[in-house]
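Fold and contact review
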Amino acid sequence: MSQIKQIKVNAIKNGTVIDHITAGKVRKVLDILELDGTEIVMVGMNLSSKKLNRKDIVKIENKELSRNEVNSIALVAPNATLIIIKDFEVEKKVSLEIPENIENLIVCPNPKCITNSEDIKSKFRLTKDEPVKVRCFYCEKKYLIDEVKIKK
Amino acid sequence: MKNLISMRDLSKEEILHLMDVTGKIEEGKIVPDMQRKLAALLFFEPSTRTMFSFDTAMKRMNGDTIIMSGTGQTSVKKGESFADTLQTIAQYSDIIIMRSPVEGAARYASEVVDIPVVNAGDGANQHPTQALLDLYSIVKTQGTLENLSIGLAGDLRFGRTVHSLAQAMALFNVKFKFISPSFLKMPQYIKDDLKSQKIEFEEYENIEDNIDDLDVLYVTRIQKERFADPEDYEKLKGSYILERPMLSNVKENLKVMHPLPRVDEIHTDVDNTEFAYYFPQAKNGVFTRQAIISILLGEV
């Protein structure tokens, strides 16, 4: 199985692998990544997965993600695993979690919200709803993660 | 309590304390003194009634007010940032009381200035002082806030008053009846909140058949402007006008409340029944706002 995967998405020498992305969400992950166009990026979609049945995956050569990128990816792919690769070896493996307080990562979809008329950082908090929702600290409206736009 | 921005911020204990202070102010057991205290009333959206109520509350306590109404006479129009306007006004006054069409404006103001901020309404979001005066009116007429049957009728979709009230009453194990045309129903996010707090509610489209078991009927206006077709409004409006004959089988303790202004949703023949409570409710607003200002300025 791992050999088949190896053929589908090549291993990288140094860089970051974002594994266990919910199938279909890889485009959103790519939108979040601050790429300058020179990086080698490999994308796998709808790969079989023990954990998720189907998953997407991204491998990026020679890139470490910023905290903002990691938190934003957690929002769109809360089951994702972040793997740092050094010399073809796994140096670090972290399961992503949506932060309780989400600062300046989301654009509030409410056009009447003050964050859309004044130059202020948006603040959202995770609610206890199932499926997970976020509530704007200012206008107090609640949204599904899929309804909000992630800031670049 | 440093600011009053949203009912969501208040615990049950804080609400009950506020009710207690309001009652004592009304009875004259507490006489707050606001001499040399100045409240800045910033009303970026017109509201004669709420503004007058705050103005009266401050003046009844020997305090004073400075008033900004609309944005025409201010530097906001000259391009000054909202934060700068607020910080300047905070230099002149002891407390800022503000209404804005922008949702979250009062929350933001409370982050920008060092003095207390009271939200007197932010768009369709919150109007906590109205919710608190409504709670005071309920506790004063019913003797409790617990286990009541409350009907909210009219425009439940756009009315921030009913949103704040529903959230506040949810702390007190009430049963709700939401009575509105289908397209003006209580928003899903409020209903989700109530469900998560295990608060019972039922939804109806007709006022007449659903008020006999209520302790409080809270009526709000259905605005004609909400209807795309004026004919739909004419067809519907009769279902939401409360008239005296409808009150023949209601509970003795029923009180009919309304945030005012009323247009025609409560017929004037209800006014001289023992059920009408909307004008005393407005008076309660002054006592409630006196209590809020006094608590925030550390005077009680």
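Before reading on, note that the structure itself is shown above.
Residues numbered from 1 in each chain as written. Chains lettered and ligands numbered in written order. Predicted model: local features only at pLDDT ≥ 70, side-chain atom pairs only at ≥ 80, totals over all residues. Heavy atoms only, no water.

To continue, consider a nonpolar patch on the surface. A surface patch of nonpolar side chains, about 270 Å² in accessible area, is lined by Leu35(A), Val41(A), Val43(A) and Met45(A). On the secondary structure map, Leu35(A) appears in the loop between helix H2 (26-32) and strand E2 (41-49). (Patch = residues over 30% accessible without salt bridge, like charges linked within 9 Å, V, L, I, M, F, W, Y side chains within 5 Å. Areas by Shrake-Rupley, 256 points an atom, 1.4 Å probe, with all protein chains shown as cover. Salt bridge = Lys/Arg side-chain N within 4 Å of Asp/Glu carboxyl O. Helix = DSSP H or I, 4+ residues; strand = E, 2+ residues; numbered from the N terminus.)

All names here are of chain A. Spatially, E2-E3-E1-E4-E5 is the arrangement adopted by the 5 strands of the open sheet, whose pairing is antiparallel. With one partner strand each, in any of the chains shown, E2 and strand E5 (89-95) form the two edges of the open sheet. The mean inter-strand angle of the sheet, taken between neighbouring strand axes irrespective of direction, is 20°. Relative to strand E4 (residues 81-86), strand E1 (residues 15-22) runs antiparallel, the two being bridged by 5 bridges. Bridge pairing in E4 links glycine 15 to isoleucine 85. (Pairing = 2+ DSSP bridges. Axes fitted to C-alpha atoms, helices over the stretch in contact; angles between N-to-C directions.)

This brings us to the packing of aromatic side chains. When we look at a pair of aromatic rings, we describe it by the centre distance and by the angle of the planes. Per the stated rule, a full pass over the model turns up 6 aromatic pairs over all chains. One aromatic cluster is present, built from ring pairs that chain together Phe44(B), Phe82(B) and Tyr108(B). (Phe/Tyr/Trp six-rings, centres within 6.5 Å; stacked < 30°, edge-to-face > 60°.)

This brings us to the sheet that holds strand E6 (residues 175-179) of chain B. All names here are of chain B. Taken in spatial order, the 5 strands line up as E7-E6-E5-E8-E9 in an open sheet, and their pairing is parallel. The open sheet has two edge strands with one neighbour each: strand E7 (200-204) and strand E9 (255-257). Strand-to-strand twist in this sheet, taken as the mean axis angle between neighbours without regard to direction, amounts to 20°. Across 4 bridges, strand E5 (residues 149-153) lies against strand E8 (residues 216-219) in parallel orientation. Across the sheet, glycine 151 pairs through a bridge with leucine 217, a residue of E8. Taken strand by strand, helix H7 (residues 188-196) contacts E6 and E7, and its axis lies near 145° from that of E7. (Contact = heavy atoms within 4.5 Å.)

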